[in-house]
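This is what each chain is made of:
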Amino acid sequence: MALEHAILVSLLERPGSGYELARRFERSIGRFWTATHQQIYRVLKRMEADGWVTAEEVSQDGRPDKRSFSVAPAGRSALVGWLRAPVQPEAVRHELAVKIRGAAFDDAAGRAALVAEVERYRATHEETLARYLAGERRDFPDPAAPDAAAALQHVVLRGGIAYERMVLAWLDDVLATLRTLDH
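As the structure is a prediction and not an experimental result, all values here were calculated from the model.

Draft legend 1. The arrangement of the overall build of the protein in detail. For the protein, the helix and strand inventory stands at seven helices and two strands. Element order for the protein, N to C, with α for helix and β for strand: α-α-α-β-β-α-α-α-α. What you see for the protein is a C-alpha radius of gyration of 21 Å, clearly larger than the 16 Å of a compact globule of 183 residues, by over 25%. A principal-axis box enclosing the C-alpha atoms of the protein has dimensions of 65 × 45 × 35 Å. When each of the 183 residues of the protein is scored for burial, the buried share is 30%. Contacts spanning at least 24 positions in sequence make up 59% of the contacts within the protein whose residues lie at least 6 apart.

Draft legend 2. Summary view of helix α2 (residues 18-27). For α2, the full list of buried residues reads Gly18, Leu21, Ala22, Arg24 and Phe25. For α2, the angular spread of buried residues about the axis comes to 160 degrees, placing them on one side. Its buried side turned inward, α2 meets α1 (3-13), α3 (37-49) and β2 (63-71).

Draft legend 3. Local environment of the packing of α1 against α2. Between α1 and α2, the least distance of the axes is 11 Å, while the angle of their chain directions is 100 degrees. If you check the angle between α1 and α2, you find them roughly perpendicular. Where α1 abuts α2, its residues Leu3, Ala6, Ile7, Ser10 and Leu11 lie against Leu21, Arg24 and Phe25. For the contact of α1 with α2, the per-class residue count stands at six nonpolar, one polar and one charged.

Draft legend 4. The arrangement of the pattern of salt bridges in detail. Throughout the structure, instances matching the rule amount to nine salt bridges. Between Glu126 and Arg122 there is a salt bridge, with the nearest N and O atoms lying 2.4 Å from each other. Taken together, the residues span about one helical turn, with Glu126 and Arg122 both in helix α6 (residues 108-139) at a distance of four residues. With a relative accessible area of 40%, Glu126 lands in the partly exposed category. The salt bridge involving Arg138 is made with Asp139; its shortest N-O contact spans 2.8 Å. A cluster of three or more residues bridged by salt bridges with shared partners is formed by Glu48, Glu57 and Arg67.

Draft legend 5. Seen up close, the nonpolar core. Ranked by internal contacts, the top residues of the largest apolar core, which has 17 residues, are Ile7, Leu11, Phe25, Ile40 and Leu44. Examining the composition of this core, we find that five residues originate from one element, α1, more than from any other. Sequence-distant contacts of Leu11, that is, excluding residues within four places in its chain, are made with Gly16, Leu21, Arg24, Leu44, Val53, Phe69 and Val71. Counting 10 residues, the second-largest nonpolar core is a separate cluster that includes Leu114, Val115, Val118 and Val167.

Draft legend 6. The arrangement of the packing of α1 against α3 in detail. Axis separation between α1 and α3 bottoms out at 10 Å; the angle between their running directions is 85 degrees. Relative to α3, the element α1 is oriented roughly perpendicular. The segment α1 lies against α3, with Leu3, Glu4, Ile7, Leu8 and Leu11 engaging Gln39, Ile40, Val43, Leu44, Arg46 and Met47. Of the residues contributing to the contact of α1 with α3, the split by class is eight nonpolar, one polar and two charged.

Draft legend 7. Main features of the pairing of β2. Two elements, strand β1 (residues 53-60) and β2, share seven bridges in a ladder whose sense is antiparallel. Bridge pairing in β2 places Val58 opposite Lys66.

Calculation rules
- Residues numbered from 1 in each chain as written.
- Predicted model: local features only at pLDDT ≥ 70, side-chain atom pairs only at ≥ 80, totals over all residues.
- Heavy atoms only, no water.
- Helix = DSSP H or I, 4+ residues; strand = E, 2+ residues; numbered from the N terminus.
- Rg over C-alpha atoms; globule rule 2.2 N^0.38 Å.
- Buried < 20%, exposed > 50% of the residue type's maximum accessible area, 1.4 Å probe, protein only.
- Contact = heavy atoms within 4.5 Å.
- Arc of directions from axis to C-beta.
- Axes fitted to C-alpha atoms, helices over the stretch in contact; angles between N-to-C directions.
- Parallel < 35°, antiparallel > 145°, perpendicular 65-115°, else oblique.
- Nonpolar A, V, L, I, M, F, W, Y, C, P; charged D, E, K, R; others polar.
- Salt bridge = Lys/Arg side-chain N within 4 Å of Asp/Glu carboxyl O.
- Core = buried A, V, L, I, M, F, W, Y, C linked by side-chain atoms within 4.5 Å.
- Pairing = 2+ DSSP bridges.

This is how it looks when you write it as structure tokens:
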């Protein structure tokens, strides 16, 4: 997937400025596809030049005008082509997993340092899970009758929640294992 596809999906959900897109990436898309503000602006400029998006100047009281982007027919066509193409399973590169395996070749002090690192890593996943759960409560208070877009957004969020829960359970197992090695 290219950043262009993530931007097209986000703009089809709701047109917006580059700044608004960057905020959306931070709030929701970011755990599945990350991008910096600079990358988003650079790609938007290229997408506009290619005719995939159009921009409208929007005046704002007391602030500079902003450019609000929408998906053009060529962008929708490019997205549909990408949506219909097969997806290859992603390769997993997990630095912490390699460190855990490598702990077999370190001493007790090294493994103790690894415990601290796994605890720090676990805390970041706890924070992410809490953010996802808060977002779910905020954005999907009544999932009984969602429209297609909301249902699909929610199923992706539920996947993120399940992933974070799985990682936390695995990290608890790692910590338990590491703590038994030198006792």
